Protein chains: 2
Amino acid sequence: MATDTLDSIAKKCGCSVSTVSRVLSGKAHSYRISEKTEKRVLEEAGRANYQPSQIAKSLRLGKTDTIGLLIPSIDDTFFSSITSVIIREARKHGYKVVSAETQEDERNELEGLSTLMASNVDGIIAIPSGEKSSVYEDVKRRGIPTVMLDRYYEDIHDIDVVSTDNYQAARMAVDHLVSMGHRRIGCVQGNSDTVTSRVRARGYRDAMKSHGLEASIMLKGSEFSIESSYDSTRDMLSDNCPPTAILALSNKILLGAIRSIQEKGLRVPEDISILSFDDNSLFNFLSPKITCIAQPVHEMGLKAVETLIAKIKGETETSRMFLSPSLVIRESVKRI
Amino acid sequence: MATDTLDSIAKKCGCSVSTVSRVLSGKAHSYRISEKTEKRVLEEAGRANYQPSQIAKSLRLGKTDTIGLLIPSIDDTFFSSITSVIIREARKHGYKVVSAETQEDERNELEGLSTLMASNVDGIIAIPSGEKSSVYEDVKRRGIPTVMLDRYYEDIHDIDVVSTDNYQAARMAVDHLVSMGHRRIGCVQGNSDTVTSRVRARGYRDAMKSHGLEASIMLKGSEFSIESSYDSTRDMLSDNCPPTAILALSNKILLGAIRSIQEKGLRVPEDISILSFDDNSLFNFLSPKITCIAQPVHEMGLKAVETLIAKIKGETETSRMFLSPSLVIRESVKRI
DNA sequence: AGTTTGCGCACAATCGTTTGCGCAAGTACA
DNA sequence: TGTACTTGCGCAAACGATTGTGCGCAAACT
């Protein structure tokens, strides 16, 4: 069954495509189409359950009502939550979203970006994976509205950013641990190519320093993965003078740390306290329930979509937004 | 910076659009374009970093190289895992994916489907939410290739299906519990509008019966949600003669059950054993590690994409595939 | 009777590709 | 010089929508 087109409907109604188009887009009155014709067209379109071809529309109008989402991996609770928000929010505004995964690989990032651009998306929300901002030059040259979400490039100021105030977040985390009596606080970081890890680590270091504590030897880790975190934590725990608390800079890092702690036969929080980034509904079910720094996932998705759409609609000033994290106190930090 | 088009390149090269098109699609030879012209075009296109407009291509060719994914919610580990597989697999075959969420609401399902069809996706992978298969009539009438993933309609046989053998899965689960000595086995199900829940419940009942056990009073639940499962489990545990083991028919149901068990002050598996559906990397970190029935997520995504593409390419026979689940034994089931 | 005005709609261009068909100029051969 | 190919490429239609312009006709004026 071939899909109906303006043309096929026009034929059935005995009028021209333009008339059908105008009726269906509600411009019947301003183009002085008679009520009789209008009704006829409406009827015919209704029974055919006519849907205009978005493709033809896009070609004509130069927009696709589609936003591209470039994300490391949807299979990660933080990213999937934010993706979910973005999809819902985009739809509210009449946008579809097509997603591409980078797997944290810069080549995939470049390729994904090309695919998105070739698909003529109206704008892009990207959580960059690579360290080189040059990946986004093509996007900039073509003037495709873009907002960086969560991660961004510190040296680029003409692309919009929506992120968490990660520096503040890390400081909050350290402050909480210190207020609970901890002084030997280890920190397991992610890939230092990413700002999030760098900024969080900086927050950690500065906070430690301002409490008069030593940070340098307690900061380990090189990847946002369970395996890497497992190794780093193990090293940390085998130290002569191991930390009494560990700050995990992401949910995956948390998991690696937990595994390593379990293997050592240690218990949380009795033997060691732990505080993680990235809240997650499952954290309430881990044993013990994990105290964490929650990023404002919903607000992040919301703002990302909103600012992207503002850009698409012609807003010109670029904005850099750093939303406030919050501390969710549960049971994984012991007072000592 | 306006994007380059065939036309703009043609002008720069002093030849026609058709020539440029043919060169760039590698048909230079068969259309007898001279090497000189070919090189000239290739050069110009290279320096402009020309990307053909997929929209124009789609309009002309009648395909978008896009597959639509209709999913209850990406913010659920089972669905996000499968989404991730689908996105990757689709890209391998040169397809993009645009996703729509239903939130388990039939109205959203219908709307999402319309949106996808209007976007002229080449095919649709759907995890249906509603109970009425009529939602898919429009899709069928238009002849859009579709495969139902995970969930499907038992009364419809002309749409392809890729799912788990849920009946077998439930039987495996019960058999395992029985082999561990359990005889009072409760089961918390999801929304019985969905086949998955119905078939799993049937498997549970039949397995119980074939072991000579009572199932009827031990089967509760009405929704795939933490809250609903929490309520059902609580009721079950307040029974005079509570179960010694609980079979949770999804990961969300597991969480509700755990919460309820925790509140009762019971311990898993000492006081009560639990076996869940839907494996998840976090299950290794719950305390205790959860024994579960794992669906072949990767294979499901893979097969869904493969059969959809086969359909798109013109394959006609419809297939119904029920992949084998596997039992992952961890620590949440005690021998009694 | 001639001119204006308003009504109801159709024509045709346009967006960027792909592709069937055919044309002009060159070469070969008789 | 005429016929017959070959070479190299352009023309134009088509995909399905949107939209500025203008045409034909009748009623209402002057």
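Quick caveat: nothing in here was measured; it's all calculated off a predicted structure.

(A) Examining the protein's contact with DNA strand D more closely. Among the 27 residues in the neighbourhood of DNA strand D, the closest are listed as L6 and R60 of chain A together with T19, S34 and T37 of chain B. The share of sugar and phosphate among atoms of DNA strand D within 4 Å of the protein is 51%. A distance of 3.0 Å separates a base nitrogen of DNA strand D from a polar atom in the side chain of R32 of chain B. Looking at the surface near DNA strand D, the elements that each hand over two or more residues are α2 (17-24) and α4 (54-61) of chain A together with α2 (17-24) and α4 (54-61) of chain B. The element contributing the most residues to the surface near DNA strand D is α4 of chain A, with four residues.

(B) Spatial organisation of the protein's contact with DNA strand C. Residues in contact with DNA strand C amount to 27 residues; listed here are only the nearest, T19, S34 and T37 of chain A together with L6 and R60 of chain B. Close to the protein, within 4 Å, the atoms of DNA strand C are drawn from sugar and phosphate at a rate of 53%. R60 of chain A places a polar side-chain atom, nitrogen or oxygen, 3.0 Å from a base oxygen of DNA strand C. Residue S53 of chain B places a main-chain N or O atom 3.2 Å away from a phosphate oxygen belonging to DNA strand C. Looking at which element gives the most residues to the surface near DNA strand C, the answer is α4 of chain B, with four residues.

(C) The arrangement of the interface of chain A and chain B in detail. Residue-level contacts link 52 residues of chain A with 52 residues of chain B. For the pair chain A and chain B, the summed buried area comes to about 4700 Å², and 58% of that belongs to carbon and sulfur atoms. The largest per-residue losses of area from chain A upon contact with chain B belong to I55, R91 and F285 of chain A, which jointly make up 16% of the total buried on that side. Remark: the boundary between chain A and chain B carries four salt bridges. Residue R91 of chain B pairs with E111 of chain A through a salt bridge whose shortest N-O separation is 3.8 Å. Across the contact surface, chain A and chain B share 18 residue pairs in polar contact (both at pLDDT 80 or more).

(D) Region of the structure containing the sheet that holds strand β8 (residues 245-248) of chain A. Residues and elements named next belong to chain A. Spatially, the six strands line up as an open sheet ordered β7-β6-β8-β9-β10-β12, and their pairing is mixed. Two strands close off the open sheet at either side, each with one partner strand: β7 (219-220) and β12 (326-328). As paired strands, strand β6 (residues 185-188) and β8 are joined by four bridges and run parallel to one another. Paired with I185 across the strands is A245, a residue of β8. Across the face of the sheet, helix α8 (residues 166-179) comes into contact with β6, β8, β9 (273-277), β10 (291-294) and β12 while running at roughly 165 degrees to β9.

(E) Focus on the environment of M321 of chain A. All names here are of chain A. With respect to the element layout, M321 can be found in strand β11 (residues 320-323). For the pair M321 and M300, spaced 21 residues apart in the sequence, the C-alpha separation amounts to 9.2 Å. For M321, the residues in contact, after removing those within four places along its chain, are V161, V162, S163, K303 and T307.

(F) The relation of the copies chain A and chain B, seen in detail. Rotating chain A by 180 degrees and translating it 0.0 Å along the rotation axis places it on chain B, where the RMSD comes to 0.1 Å. Such values leave the two copies arranged in the relation of a two-fold axis. Of all interface residues in chain A, 100% are interface residues in chain B too; the two copies therefore contact each other through one and the same surface.

(G) Just the nonpolar core, in detail. One finds Y204 and L247 of chain A together with Y204 and L247 of chain B to be the most contacted residues of the largest nonpolar core, which totals 92 residues. Contact partners of L247 of chain A, with chain neighbours within four places excluded, come to A173, V174, G186, C187, V188, Y204, L275 and F277 of chain A. Grouped together as the second largest cluster of nonpolar side chains are 48 residues, I127, V147, V162 and A304 of chain B included.

(H) Geometry of the environment of L219 of chain B. Residue and element names in this part refer to chain B. Structurally, L219 can be placed in strand β7 (residues 219-220). Given a relative accessible area of 18%, L219 falls into the buried group. As for L219 and I71, which are separated by 148 residues in sequence, their C-alpha atoms are 27 Å apart. Those residues in contact with L219 that lie beyond four places of it in its chain are C187, Q189, A201, Y204 and R205.

(I) Representation of the pairing of strand β9 (residues 273-277) of chain B in the model. Residues and elements named next belong to chain B. In terms of burial, β9 is a largely internal element, five of the five residues being buried. Alternating positions in β9 separate into two faces, S273, L275 and F277 on one and I274 and S276 on the other, with burial throughout. Sheet analysis places strand β8 (residues 245-248) next to β9, joined by four bridges and oriented parallel. Paired with A248 across the two strands is S276, which belongs to β9. As for the winding sense of the linkage, the β-α-β connection from β8 through helix α11 (residues 251-263) to β9 is right-handed. Relative to strand β10 (residues 291-294), β9 runs parallel, the two being bridged by three bridges. Following the sheet pairing, L275 is matched in β10 by T291.

(J) Structural context of the packing of aromatic side chains. Applying the stated rule across the entire model yields six aromatic pairs over all chains. If you follow R22 of chain B out to its NZ or CZ, it ends over the ring of Y31 of chain B, 4.3 Å from the centre.

(K) How the structure looks around the pattern of salt bridges. Residue and element names in this part refer to chain A. For the structure on display, the rule yields 44 salt bridges over all chains. Note that R234 and D231 form a salt bridge whose closest N and O atoms lie 3.6 Å from each other. With R234 and D231 both in helix α10 (residues 226-237) and three residues apart, this pair spans about one turn of that helix. Several salt bridges share partner residues, and in doing so they unite R40, E44 and R47 into one network.

(L) Summary view of the sheet that holds strand β4 (residues 146-149) of chain A. As summarised here, the arrangement of the 12 strands in space is β11(A)-β5(A)-β4(A)-β3(A)-β1(A)-β2(A)-β2(B)-β1(B)-β3(B)-β4(B)-β5(B)-β11(B), forming an open sheet in which the pairing is mixed. Edge strands, defined here as strands with exactly one partner in the open sheet, are β11 of chain A together with β11 (320-323) of chain B. Looking at each pair of strands side by side, their axes are set apart by 20 degrees on average, direction ignored. Both strand β1 (residues 66-71) of chain B and strand β3 (residues 123-126) of chain B contribute to a ladder of four bridges, which runs parallel. Residue pairing in the sheet places I67 of chain B in a bridge with G123 of chain B of β3 of chain B. Strands in contact with helix α6 (residues 106-118) of chain B are β2 (96-101) of chain A together with β1, β2 (96-101) and β3 of chain B; relative to β1 of chain B, the strand with the most contacts, it is inclined by about 175 degrees.

About the thresholds
- Residues numbered from 1 in each chain as written.
- Chains lettered and ligands numbered in written order.
- Predicted model: local features only at pLDDT ≥ 70, side-chain atom pairs only at ≥ 80, totals over all residues.
- Heavy atoms only, no water.
- Near = heavy atom within 4 Å.
- Polar contact = N/O pair within 3.5 Å; in protein donor to acceptor, adjacent residues only side chain to side chain.
- Helix = DSSP H or I, 4+ residues; strand = E, 2+ residues; numbered from the N terminus.
- Contact = heavy atoms within 4.5 Å.
- Buried area = accessible area lost by both parts, 1.4 Å probe.
- Salt bridge = Lys/Arg side-chain N within 4 Å of Asp/Glu carboxyl O.
- Pairing = 2+ DSSP bridges.
- Axes fitted to C-alpha atoms, helices over the stretch in contact; angles between N-to-C directions.
- Least-squares fit on C-alpha atoms with pLDDT ≥ 70 in both.
- Core = buried A, V, L, I, M, F, W, Y, C linked by side-chain atoms within 4.5 Å.
- Buried < 20%, exposed > 50% of the residue type's maximum accessible area, 1.4 Å probe, protein only.
- Right-handed = clockwise from strand over helix to strand, strands pointing away.
- Phe/Tyr/Trp six-rings, centres within 6.5 Å; stacked < 30°, edge-to-face > 60°.
- Lys NZ or Arg CZ within 6 Å of the ring centre and 35° of its normal.

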